[in-house]
Structure formats: C-alpha cells, structure tokens
Amino acid sequence: MIRKEGKARWVYTCDLCNVRLTRPDQFRAIEAMQRHQRSQEHGFKVIGAALEPFVEAMSNIATAAASMAETVHAVFAPPPNLPHDPTLLRDRRKWGGR
Ligand SMILES: [Zn+2]
C-alpha cells in the first residue's frame, strides 16, 4: 500500500513481508512497489500465504486420522490380562509381589 506520510515522503508498505520503502514522490514509490512485488522474496511469501489454508487443512486431517486411529485402537485393543475371578486378583503370589 502506498501512502503519503508527509512532504516528499511517499511510503510503500508490504504487510506480508513487513517491508517499508520511502520515496520522495509517488512515481518512485510505485516503482519501488513494483520492484518489490517482482522480487523473489515477496513471491515466495505470496505463495506461502496462498498455501497456508491447504497446510492447515492437511494438519487437521492428520490430527483427525490420529484420533480415529486412537479410537480404533481402543476398541480393538485386547483386554487387560487380568483374571475375572476377584479371588485370583487377591492371590498375591501371582498378582503383585510375594
Ligand atoms: Zn512483499
């Protein structure tokens, strides 16, 4: 965005790159803007900003898949290896110490 901040003080700011260029007149400010927008750094930033929702969606899908895998694991996990008979649980020779 190009703004006039004062006499002979035209400022171009790129919010994406956090870049701030000051030129003495509007035409040089426009030229600076075009030069910046053609620069590699700005291009990569634009591409990154465009891909951000996609990356976020992919990470959401990954977390959803992880939680689903956890659920499936909880459902199909084998039962704990403990006897059904509580008297066997109280038998300390086998279940917990001497
Ligand atoms: Zn930029």
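Scroll up to find the structure.
All values reported here derive from a predicted model rather than from experimental measurement.

Conventions and cut-offs
Residues numbered from 1 in each chain as written. Predicted model: local features only at pLDDT ≥ 70, side-chain atom pairs only at ≥ 80, totals over all residues. Heavy atoms only, no water. Patch = residues over 30% accessible without salt bridge, like charges linked within 9 Å, V, L, I, M, F, W, Y side chains within 5 Å. Areas by Shrake-Rupley, 256 points an atom, 1.4 Å probe, with all protein chains shown as cover. Salt bridge = Lys/Arg side-chain N within 4 Å of Asp/Glu carboxyl O. Helix = DSSP H or I, 4+ residues; strand = E, 2+ residues; numbered from the N terminus. Buried < 20%, exposed > 50% of the residue type's maximum accessible area, 1.4 Å probe, protein only.

## Comments concerning a nonpolar patch on the surface
A cluster of nonpolar side chains, F44, I47, L51, F54, V55, M58 and I61, forms an exposed patch at the surface whose accessible area comes to about 740 Å². Turning to its location among the elements, F44 is positioned in helix 2 (residues 40-76). You can call F44 exposed: its relative accessible area is 56%.

## Quick notes on the pattern of salt bridges
The tally for this structure, following the rule as stated, stands at five salt bridges. E5 is the salt-bridge partner of R3, the closest N and O atoms lying 3.4 Å from each other. Looking at E5, the relative accessible area reads 33%, which means it is partly exposed. Close ionic contact of D25 with R28 constitutes a salt bridge, the shortest N to O distance being 3.1 Å. With a relative accessible area of 25%, D25 lands in the partly exposed category. According to the relative accessible area criterion, R28 is partly exposed, its value standing at 46%. Taken together, the shared-partner salt bridges in this structure form one network comprising R3, E5, R9 and R20.

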